Amino acid sequence: MSEYQENIKYLIQRPKTPVIKPPMHRSIFNKSIQREFKLNKGCHQTMGYAEVKVNEPSEFLKKNTRKVIRPFVENTKKTIKNPVQFPCYPNNNKLSTKKKISKNFLSENVVDVVRKVPPCPKHRVQDSRKGHIIVLNEAGLEPSYVLKKDFGKLPLYIEKIRKKNETIRLLEIERIKAIKPPLSRLPEDKRYELLTGLKTNWVELNRQFLLLPMLTDSVTKINRKTSLENQLGNLEKDITLLEKYPALYVCDDDA
C-alpha cells in the first residue's frame with residue numbers, strides 16, 4: 001500500500017539559501033610587504049645574479065686564459081729626514097770569494113765509528129726456561145741511587161729551610177727575653193736552705209699560736225689569732241710547693 005502513496009511535498013523545489021561567508025582577514029601590512037617585494041632590493045648581494053651565462057663544455061678553464069690587470073704602482077723612495085752618518089767600515093756581509101770545501105761524510109762516519117768507544121755490556125738476567133731475558137737497569141731492578149755521591153745525605157734545600165727556621169727561633173727567643181725577664185733554676189742547696197727557714201718560721205709561729213689564751217673575748221685577741229692562722233697557712237703552702245717540686249725556676253729581677 002505504501003508503494004503507491006504519493007507525496008506532493010517535494011514537487012515544487014525551493015530555492016537554496018546562499019551561504020554568507022565572513023570577510024577574509026587582511027593584514028594591515030599587506031601593502032607595505034607587496035611594495036618591498038616588488039622593489040627586489042639587493043637580491044644578488046650574496047649569491048650573485050640569477051641568470052649567468054654558462055660556458056660551453058669545450059670552453060673549460062685553461063691556464064693563463066684569465067688575465068688580471070693589476071694597478072700600476074710607482075716605486076717611490078721615502079726620504080729620511082736628518083740621516084745619521086755612520087763611519088765607513090768594511091762590509092763583511094758580502095759573500096766571500098773562497099771556494100767551498102766539500103766534505104766526505106761517508107769517510108767521516110767511518111772514522112767516527114772506528115774511534116768510538118764500545119758500549120758497556122748490559123746486565124741481563126734470564127728468568128725462565130724459555131729464554132726470557134730482563135735487563136735489570138732498564139727494568140728498575142738494579143740499585144742506581146745507592147751509587148750516587150749524595151746518597152744518604154741531607155738535601156741542600158732542607159738544610160736551608162732548617163737554618164732559616166733556626167734563625168727565626170733565635171729571633172723569637174730574643175724577642176721574648178726582651179719582653180719578659182729571664183728565668184733561672186733554683187739551686188738545690190738554696191732550695192734546702194729556703195725550706196729549712198720556712199719550717200723554722202712555721203715552728204716559731206705555731207709556738208706563738210699555742211700560747212694564745214683559750215678565751216678570745218676582745219677584738220685584739222681575735223685579730224691576733226686570725227693573723228697567726230693566715231701566716232701559718234701561707235707558710236704551709238710554700239713548704240708544700242718546695243717539697244713537691246724539686247726543680248723550680250725563679251725570675252731574675254735584676255736582669
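In this text, all values refer to a predicted model and were calculated from it rather than measured experimentally.

Moving on to the overall build of the protein. Counting its regular elements, the protein contains 6 helices and 4 strands. Scanning the protein from its N terminus toward the C terminus, one meets helices and strands in the order α-α-β-β-α-α-β-α-α-β. Considering the protein as a whole, with its 255 residues, one finds that 5% of them fall into the buried category. Expressed as a percentage of contacts within the protein between residues at least 6 apart in sequence, the contacts between residues at least 24 apart total 54%. Carbon together with sulfur atoms contributes 58% to the accessible area of the protein, which is approximately 27,700 Å² in total.

So, on to the pattern of salt bridges. Under the defined criterion, the tally for this structure stands at 7 salt bridges. Between Glu172 and Arg175 there is a salt bridge whose closest N-O contact spans 2.4 Å. Of the two residues, Glu172 and Arg175 are both situated in helix α4 (residues 156–179); the distance of 3 residues between them amounts to about one turn of the helix. For Arg175, a relative accessible area of 43% puts it in the partly exposed group.

This part is about the packing of aromatic side chains. In this structure the tally under the stated criterion is 0 aromatic pairs. The ring of Phe60 carries Lys62 above its face, with NZ or CZ at 5.2 Å from the centroid.

Before going further, it helps to spend a moment on the environment of Gln126. Along the chain, Gln126 falls in strand β1 (residues 124–126). Dropping the residues within four chain positions of it, Gln126 is found in contact with Gly131, His132 and Ile133. A distance of 3.0 Å separates a polar side-chain atom of Gln126 from the backbone oxygen of Ser128.

Leu186, Leu195, Leu198, Leu205, Leu228, Leu232, Leu235, Ile239, Leu242 and Leu248 form the largest nonpolar core, which has 10 residues in total. The greatest single-element share of this core, amounting to 5 residues, is contributed by helix α6 (residues 219–244). Those residues in contact with Leu232 that lie beyond four places of it in its chain are Trp202, Leu205, Asn206 and Phe209.

Moving on to a nonpolar patch on the surface. Together, Tyr145, Val146, Leu147 and Phe151 make up an exposed nonpolar region whose accessible area comes to about 490 Å². For Tyr145, the location among the structural elements is in the loop between α3 (136–139) and α4.

Turning next to the packing of helix α5 (residues 188–210) against α6. Put simply, α5 and α6 touch, their axes get as near as 9 Å, and they point 155° apart. With respect to their mutual orientation, α5 and α6 come out roughly antiparallel. Classified by chirality, the crossing of α6 by α5 is left-handed. Across the interface between the two elements, Arg191, Leu194, Leu195, Leu198, Lys199, Asn201, Trp202, Leu205, Asn206, Gln208 and Phe209 of α5 pack against Arg224, Lys225, Leu228, Glu229, Gln231, Leu232, Leu235, Glu236, Asp238, Ile239, Leu242 and Glu243 of α6. Taken together, the residues that form the contact of α5 with α6 break down as 11 nonpolar, 4 polar and 8 charged.

For the rest of this paragraph, the subject is the side chain of Arg191. Structurally, Arg191 is set in helix α5. Among the polar contacts listed, one links the side chain of Arg191 to the backbone oxygen of Leu242, at a separation of 2.5 Å. If near-sequence neighbours (up to four positions away) are discounted, Arg191 is found in contact with Leu186, Leu242, Glu243, Tyr245 and Pro246.

Conventions adopted
Residues numbered from 1 in each chain as written. Predicted model: local features only at pLDDT ≥ 70, side-chain atom pairs only at ≥ 80, totals over all residues. Heavy atoms only, no water. Helix = DSSP H or I, 4+ residues; strand = E, 2+ residues; numbered from the N terminus. Buried < 20%, exposed > 50% of the residue type's maximum accessible area, 1.4 Å probe, protein only. Contact = heavy atoms within 4.5 Å. Areas by Shrake-Rupley, 256 points an atom, 1.4 Å probe, with all protein chains shown as cover. Salt bridge = Lys/Arg side-chain N within 4 Å of Asp/Glu carboxyl O. Phe/Tyr/Trp six-rings, centres within 6.5 Å; stacked < 30°, edge-to-face > 60°. Lys NZ or Arg CZ within 6 Å of the ring centre and 35° of its normal. Polar contact = N/O pair within 3.5 Å; in protein donor to acceptor, adjacent residues only side chain to side chain. Core = buried A, V, L, I, M, F, W, Y, C linked by side-chain atoms within 4.5 Å. Patch = residues over 30% accessible without salt bridge, like charges linked within 9 Å, V, L, I, M, F, W, Y side chains within 5 Å. Axes fitted to C-alpha atoms, helices over the stretch in contact; angles between N-to-C directions. Parallel < 35°, antiparallel > 145°, perpendicular 65-115°, else oblique. Left-handed = near helix turned anticlockwise from the far one by under 90°. Nonpolar A, V, L, I, M, F, W, Y, C, P; charged D, E, K, R; others polar.

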